[in-house]
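# A structural walkthrough
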Amino acid sequence: MAGVHYAGVSHRYPGADTLAVDSLELDIADGEFIVLVGPSGCGKSTSLRMLAGLESVESGHIDIGGVDVTSLAPRERDVAMVFQNYALYLNMTVGDNMGFALRNAGMSKADTAARVLDAAKMLELEPLLNRKPGKLSGGQRQRVAMGRAIVRQPKVFCMDEPLSNLDAKLRVSTRAQIAGLQKRLGTTTVYVTHDQVEAMTMGDRVAVLQAGKLQQIASPRELYDNPVNTFVASFIGSPGMNLIDAPVVDGAAVVGDIRIPAPTRDPRVTVGIRPESWSLRERSSAQSWSLRERSSAQSWDLVGKGVGAVEVAVELIEELGAESFLYGAPPLGSDWSTQSGRVSVRVDRRLSIGLAETVRLVPKLDEVFFFSATTGDRL
Ligand SMILES: Nc1ncnc2c1ncn2[C@@H]1O[C@H](COP(=O)(O)OP(=O)(O)OP(=O)(O)O)[C@@H](O)[C@H]1O
Ligand SMILES: [Mg+2]
């Protein structure tokens, strides 16, 4: 087992004028589960493939267990890769697929069989060892691919979107299995996904990349509570944070009728409000929210005194079971909007709010974020 260090690592594909990965600096502890996450094309796979030795390093170096492996061939690095497309050998049994690399490396039949059996037990594949991959479900094939990596007992696992071929429900159960397995094995793991929910639920720490550059590496909670910039703030969280470019007048950000004291002397600021950081005000008409909701709205009237409220015309209600999200936009003629053009709000699922209705929202002041309107960095 071993930690991994990316020391200012860059990669440029032939003929490209920008770097696919730009001066990546990452320290991964022995046994840690790190997730690389970011939008398509941000450099996740390239970063992982450099660690596995499948892409060259243009500048900087990579250490595994304190040893510089930058110029070593893939097979000399003791790294096992699991890809989205696991490419099992269709004419071999599950057991032979799992043991193939070991036999190739000269391990005896008996030792190989023992390791394969161990891994098969861990992955609940024992009853399937003699089956061929064509007769397995997607989830089972995925576990065989994991098994192939596990039997090698490598220093580092590299996984590139290994769950992409699974349906939504299987993804959820398999991601829990992989995270649990990784903890039991204690093998340092670098895991790539574009899915922020997967990243947040699996990683000890999550590294967020954008356009080849590392934006932030932190625990899932820290990423959510303390995003360093607007990119991380909007990428992490589902739906992402509402980002509102607002003028600053007399020290307060102005969003519709809302005035929020802002920690900046700049004339503009980007205000960040998570979907759960809005409170619904009472309806202006005689109708009111349910009693419970009204009392919380009233307490917000006190806390939010002087802050003001904004109106949002409801366009869509997404009912997820335990919670609901309301999406809307400022009514026509409003002088504010979010960067995405949409306002998202988490609401009590028991509230009945109709489409085209207008709701009044008050931000929870102590949950509001501020970012530089010019750089996007957190203030
Ligand atoms: N073989 C290649 N030749 C040239 N450019 C490439 C090659 N592979 C990737 N790139 C470019 O390098 C950048 C990073 O690609 P990479 O595959 O690392 O992204 P990614 O984050 O894994 O994206 P995805 O989520 O779509 O898999 C992209 O701009 C991509 O177009
Ligand atoms: Mg990729």
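The text that follows walks through the structure, step by step, so that each part is easy to find.

About the criteria used
- Residues numbered from 1 in each chain as written.
- Chains lettered and ligands numbered in written order.
- Predicted model: local features only at pLDDT ≥ 70, side-chain atom pairs only at ≥ 80, totals over all residues.
- Heavy atoms only, no water.
- Helix = DSSP H or I, 4+ residues; strand = E, 2+ residues; numbered from the N terminus.
- Buried < 20%, exposed > 50% of the residue type's maximum accessible area, 1.4 Å probe, protein only.
- Contact = heavy atoms within 4.5 Å.
- Areas by Shrake-Rupley, 256 points an atom, 1.4 Å probe, with all protein chains shown as cover.
- Pairing = 2+ DSSP bridges.
- Near = heavy atom within 4 Å.
- Polar contact = N/O pair within 3.5 Å; in protein donor to acceptor, adjacent residues only side chain to side chain.
- Nonpolar A, V, L, I, M, F, W, Y, C, P; charged D, E, K, R; others polar.
- Axes fitted to C-alpha atoms, helices over the stretch in contact; angles between N-to-C directions.
- Parallel < 35°, antiparallel > 145°, perpendicular 65-115°, else oblique.
- Left-handed = near helix turned anticlockwise from the far one by under 90°.

## Here's the deal with the overall build of the chain
Looking only at helices and strands, the chain has nine helices and 20 strands in total. The C-alpha extent of the chain, read off along each of the three principal axes, is 80 × 45 × 35 Å. The buried share among the 379 residues of the chain stands at 50%. Once local pairs closer than 6 in sequence are excluded, the contacts in the chain between residues at least 24 apart make up 66%. Roughly 17800 Å² of accessible area belongs to the chain as shown, and the carbon and sulfur atoms make up 49% of that amount.

## Notes on the pairing of strand E11 (residues 242-249)
Here six bridges tie E11 to strand E14 (residues 268-273), and the two strands are oriented antiparallel to one another. Each bridged residue has a counterpart across the sheet, and for Leu243 the counterpart in E14 is Gly272. Where E11 folds back onto strand E12 (residues 252-255) in an antiparallel hairpin, the turn is made up of two residues, including Asp250, whose phi is positive at roughly 50 degrees.

## Some points on the site of ligand 1
In the vicinity of ligand 1, the residues found are Tyr13, Ala20, Pro39, Ser40, Gly41, Cys42, Gly43, Lys44, Ser45 and Thr46. The contact in question runs from an oxygen atom of ligand 1 to an N or O atom on the backbone of Gly43, over 3.0 Å. Contact distances for ligand 1 include 2.8 Å between an oxygen atom and a side-chain N or O atom of Lys44. A total of 630 Å² of accessible area belongs to ligand 1 in isolation, and the protein chains cover 54% of it. Broken down by class, the residue content of the shell around ligand 1 amounts to four nonpolar, five polar and one charged.

## Some thoughts on the environment of Cys158
Here Cys158 lies in strand E7 (residues 156-160). With residues near it in sequence (within four places) discarded, Cys158 still touches Leu48, Leu51, Ala52, Val79, Ala80, Met81, Val82 and Val190.

## Side note on the sheet that holds strand E1 (residues 4-11)
Backbone-to-backbone hydrogen bonds join strands into a sheet, with any given pair of strands oriented parallel or antiparallel. An order of E2-E1-E4-E5 is seen for the four strands of this open sheet, with the pairing classed as antiparallel. Every other strand in the sheet has two partners, leaving strand E2 (21-28) and strand E5 (67-68) as the edge strands with one partner each. Docked against the sheet, helix H1 (residues 44-52) engages E1, E2 and strand E4 (59-64), running at close to 120 degrees with respect to E1.

## Observations regarding the environment of Val345
Inspection of the secondary structure assignment puts Val345 in strand E18 (residues 343-347). When the C-alpha atoms of Val345 and Ser279 are compared, they prove to be 8.5 Å apart, with 66 residues separating the residues in sequence. With residues up to four places along the chain from it excluded, the contact list for Val345 reads Pro275, Trp278, Ser324, Phe325, Leu326 and Leu361.

## Brief notes about helix H2 (residues 94-104)
When H2 is considered as a whole, its buried residues turn out to be Val94, Gly95, Asn97, Met98, Gly99 and Leu102. Buried residues along H2 sit against helix H3 (109-122) and helix H4 (138-150). In the stretch just after H2, Gly106 is the one whose phi turns positive, near 95 degrees.

## Examining the packing of H2 against H4
Relative to each other, H2 and H4 sit at 30 degrees, their axes nearing to 7 Å. Looking at the two axes, H2 sits roughly parallel to H4. The hand of the H2/H4 crossing is right-handed. Contact with H2, carried on its side by Val94, Asn97 and Met98, involves Val144, Gly147 and Arg148 of H4 and no other residues of that element. Across the contact of H2 with H4, the residue classes tally to three nonpolar, two polar and one charged.

## Comments concerning the side chain of Thr112
Along the chain, Thr112 falls in helix H3. With residues near it in sequence (within four places) discarded, Thr112 still touches Gly99, Leu102, Arg103 and Met107.

## Remarks on unusual backbone geometry
Across residues other than glycine, the phi torsion is negative in most instances, and most of the peptide bonds are trans. In this structure, Pro239 follows Ser238 across a cis peptide bond, with omega equal to -5 degrees. Tracing the backbone shows Pro239 in the loop between helix H8 (230-235) and E11. Phi is positive for Ala211, close to 50 degrees, though the residue is something other than glycine. Along the chain, Ala211 turns up in the loop between strand E9 (205-210) and strand E10 (213-218). On the basis of relative accessible area, Ala211 is assigned to the exposed category, the value being 55%. At Asp250, a residue that is not glycine, the phi angle is positive and equals roughly 50 degrees. You can see Asp250 is positioned in the loop between E11 and E12.

Purely geometric stuff here, so don't read any function into it on its own.
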